Amino acid sequence: MNHVPTQSPECSGPQSQPHAGAQPAEDLVLSERMQRIGRRLFVLSGKGGVGKSTVAVNLAVALARRGRRVGLLDVDVHGPSIPTLLGLTGRRMLGRGETLLPLEAMAGLKVVSLGLLTDSPSDAVVWRGPRKNSAIRQLLRDVDWGDLDELVVDCPPGTGDEPLGVVQLSGRPGLAVVVTTPQEVAVADVRRCLTFCRLLDLPIAGIVENMSGMVCPHCGQTFALFGEGGGERLAREAGVPLLGRIPLDPAIGKGGDAGLPSASQEGDSPTHTAFKVVLDALLSVPASA
Ligand code: ADP
């Protein structure tokens, strides 16, 4: 079948493209799969490196720990980081007939990433726009998610073709969670991201300000390394909620490298509390949004 293939660095796209005549049947499969999903949570950011994947992973893990049936879809074509953040590096998704099976990272959490289809984490995936969209479409259509309460989608950064494709293809109901850092430069990117959501008519659950204050590894106190309040200002200005602020915590970096997200562990550190605040805020958004 035409699963998103194992890539070689010189590969310029999926091994074969669906022919035009097959499109309606494929659309039907896609729409049937999407109908079994309760709500899509699109985790977006104006640019890379602000902690979008970290937020996506922690939200997905925390939701699964609260007993929900969760899917986590990593559609970052160029730098899929979800396998690393969840300790799944080296594992691969399996196929069954025409279908791809997600990996179960923990009870209630199914994970799909292009990084779980390539031979090695360092495989470069060199795709251009239409190929990327075709790959995203295949991931949505060919993966048997089963019934899910939430599908958390770690979108590629920015407001280009890929986030556009994944939001449009995966359908409704959907909610955007926009991740930023406190600096003005990141905040400017987020403004574009909010405009993108509005153009797509995608309801915005709110903004998460990540790396908001540094937790000192010695005394546990928090201080503002990158300035303060950028996310809050932006949220106020844009008329959307601030879902919460996640501190810059060395434990998040270490946990990410070790495949152990904060939300997978018990704790009452400022970081644990911050993720809980974000999750509670998100869950309070009406399901119909
Ligand atoms: P993005 O998806 O926006 O590119 P990532 O989630 O991959 O960003 O995060 C980039 C790096 O920053 C990762 O190494 C991650 O562990 C680290 N990181 C993210 N958020 C925090 C935080 N709040 N504190 C410390 N490190 C963080």
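Everything below is about the structure printed above this text.
Rules used in this analysis
- Residues numbered from 1 in each chain as written.
- Predicted model: local features only at pLDDT ≥ 70, side-chain atom pairs only at ≥ 80, totals over all residues.
- Heavy atoms only, no water.
- Helix = DSSP H or I, 4+ residues; strand = E, 2+ residues; numbered from the N terminus.
- Buried < 20%, exposed > 50% of the residue type's maximum accessible area, 1.4 Å probe, protein only.
- Contact = heavy atoms within 4.5 Å.
- Areas by Shrake-Rupley, 256 points an atom, 1.4 Å probe, with all protein chains shown as cover.
- Arc of directions from axis to C-beta.
- Polar contact = N/O pair within 3.5 Å; in protein donor to acceptor, adjacent residues only side chain to side chain.
- Core = buried A, V, L, I, M, F, W, Y, C linked by side-chain atoms within 4.5 Å.
- Near = heavy atom within 4 Å.
- Nonpolar A, V, L, I, M, F, W, Y, C, P; charged D, E, K, R; others polar.
- 1 Å grid on protein atoms, 1.4 Å probe; cavity = no way out; pocket = protein on both sides within 12 Å on 5 of 7 lines; lining within 4 Å.
- Points joined across faces, edges and corners; volume = space filled by probe spheres on them.
- Disulfide = S-S within 2.5 Å.

### Here's the deal with the overall build of the protein
So, point 1. Each helix and strand counted, the protein has nine helices and 11 strands in total.
So, point 2. Going through the 289 residues of the protein one by one, you find that 53% of them count as buried.
So, point 3. Contacts in the protein between residues far apart in sequence, at least 24 positions, make up 80% of those at least 6 positions apart.
So, point 4. Summed over its atoms, the accessible surface of the protein is roughly 12,400 Å², and 54% of this surface lies on carbon and sulfur atoms.

### Regarding helix H8 (residues 250-258)
So, point 1. Those residues of H8 that fall on the buried side of the exposure criterion are Ile-252, Gly-255 and Gly-256. An end-on view of H8 places all buried positions within 105° of arc, on one side of the element. Residues of H8 that are exposed and angled more than 90 degrees away from the buried face: Lys-254, Asp-257 and Ala-258.
So, point 2. Looking at the buried side of H8, the elements it contacts are helix H2 (52-65), helix H3 (82-85), strand E11 (242-248) and helix H9 (270-283).
So, point 3. Its side-chain oxygen at 2.9 Å from the backbone nitrogen of Ala-251, Asp-249 defines the N-terminal cap of H8.
So, point 4. Directly after H8, the chain includes Gly-259, whose backbone phi takes a positive value near 75°.

### Some details on the environment of Gln-168
So, point 1. Looking at the element boundaries, Gln-168 is found in helix H5 (residues 161-170).
So, point 2. A residue is classified by how much of its surface remains accessible, and Gln-168, at 52% relative accessible area, is exposed.

### Digging into the nonpolar core
So, point 1. Within the largest apolar cluster, 77 residues are counted, with the highest numbers of intra-cluster contacts made by Leu-44, Leu-72, Leu-73, Leu-86, Leu-109, Trp-145 and Val-152.
So, point 2. The greatest single-element share of this core, amounting to nine residues, is contributed by H2.
So, point 3. Discounting residues that sit within four places of it in the chain, Leu-72 has contacts with Ala-56, Val-57, Ala-60, Ile-82, Leu-86, Leu-109, Lys-110, Val-111, Val-112, Trp-145, Leu-151 and Val-152.

### A short note on the site of the ligand
So, point 1. Taken together, 15 residues lie near the ligand, and Gly-49, Lys-52, Ser-53, Thr-54 and Pro-247 sit nearest.
So, point 2. Thr-54 places a polar side-chain atom, nitrogen or oxygen, 2.6 Å from an oxygen atom of the ligand.
So, point 3. Within the backbone of Pro-247, one N or O atom sits 2.8 Å away from a nitrogen atom of the ligand.
So, point 4. Here the ligand has 560 Å² of accessible area as a free molecule, and 78% of this is covered by the chains.
So, point 5. Residue assignment for the shell around the ligand shows that the elements contributing at least two residues are H2, strand E9 (204-215), E11 and H8.
So, point 6. Counting residues per element, the shell around the ligand draws most heavily on H2, at three residues.
So, point 7. Partitioning the shell around the ligand into residue classes produces five nonpolar, eight polar and two charged.

### Describing unusual backbone geometry
So, point 1. Cis geometry is adopted by the peptide bond preceding Pro-173, which originates at Arg-172 and carries an omega value of -5°.
So, point 2. Positive phi values are uncommon outside glycine, yet Asp-201 reaches one of about 60°.
So, point 3. Looking at Asp-201, the relative accessible area reads 56%, which means it is exposed.
So, point 4. Look at Met-211: it is not a glycine, yet its phi comes out positive at around 60°.

### What about H5?
So, point 1. Turning to H5, its buried residues number three or more, namely Glu-162, Pro-163, Gly-165, Val-166, Val-167 and Ser-170.
So, point 2. Backbone geometry just after H5 places Gly-171 at a positive phi near 75°.

### Quick word on the layout of surface pockets
Summary: where empty space remains is shown by rolling a probe the size of a single water molecule over the atoms.
So, point 1. For the largest pocket, the calculated volume is near 270 Å³.
So, point 2. Lining the largest pocket are 13 residues, with Ala-62, Ala-263, Gln-265, His-272 and Lys-276 positioned closest to its centre.
So, point 3. For the lining of the largest pocket, the secondary structure elements donating two or more residues are H2 and H9.
So, point 4. Take the lining of the largest pocket: its biggest share by element is five residues, from H9.
So, point 5. Partitioning the lining of the largest pocket into residue classes produces four nonpolar, five polar and four charged.

### Considering the side chain of Glu-209
So, point 1. Here Glu-209 is to be found in strand E9.
So, point 2. Excluding residues within four positions of it along the chain, Glu-209 makes contact with Thr-180, Thr-181, Pro-182, Gly-229, Gly-230, Gly-231, Glu-232, Leu-242, Gly-244, Arg-245 and Ile-246.

### With respect to empty space enclosed by the protein
So, point 1. What the rule picks out here adds up to one cavity of 30 Å³ or more.
So, point 2. Taken as a whole, the largest cavity spans an internal volume of roughly 60 Å³.
So, point 3. Of all the elements, H8 adds the most residues to the lining of the largest cavity, at four residues.
So, point 4. Of the residues in the lining of the largest cavity, the class split is six nonpolar, five polar and no charged.

### Thoughts on the state of the cysteines
So, point 1. What the rule picks out here adds up to zero disulfides.
So, point 2. No disulfide involves Cys-155; its sulfur sits 8.7 Å from the nearest other cysteine sulfur, which is in Cys-193.
So, point 3. Taking the relative accessible area as the measure of exposure, Cys-155 reaches 0% and is therefore buried.
So, point 4. The structure places no disulfide on Cys-197, whose sulfur is separated from the nearest cysteine sulfur, that of Cys-193, by 5.4 Å.
So, point 5. The class for Cys-197 is buried, based on a relative accessible area of 0%.

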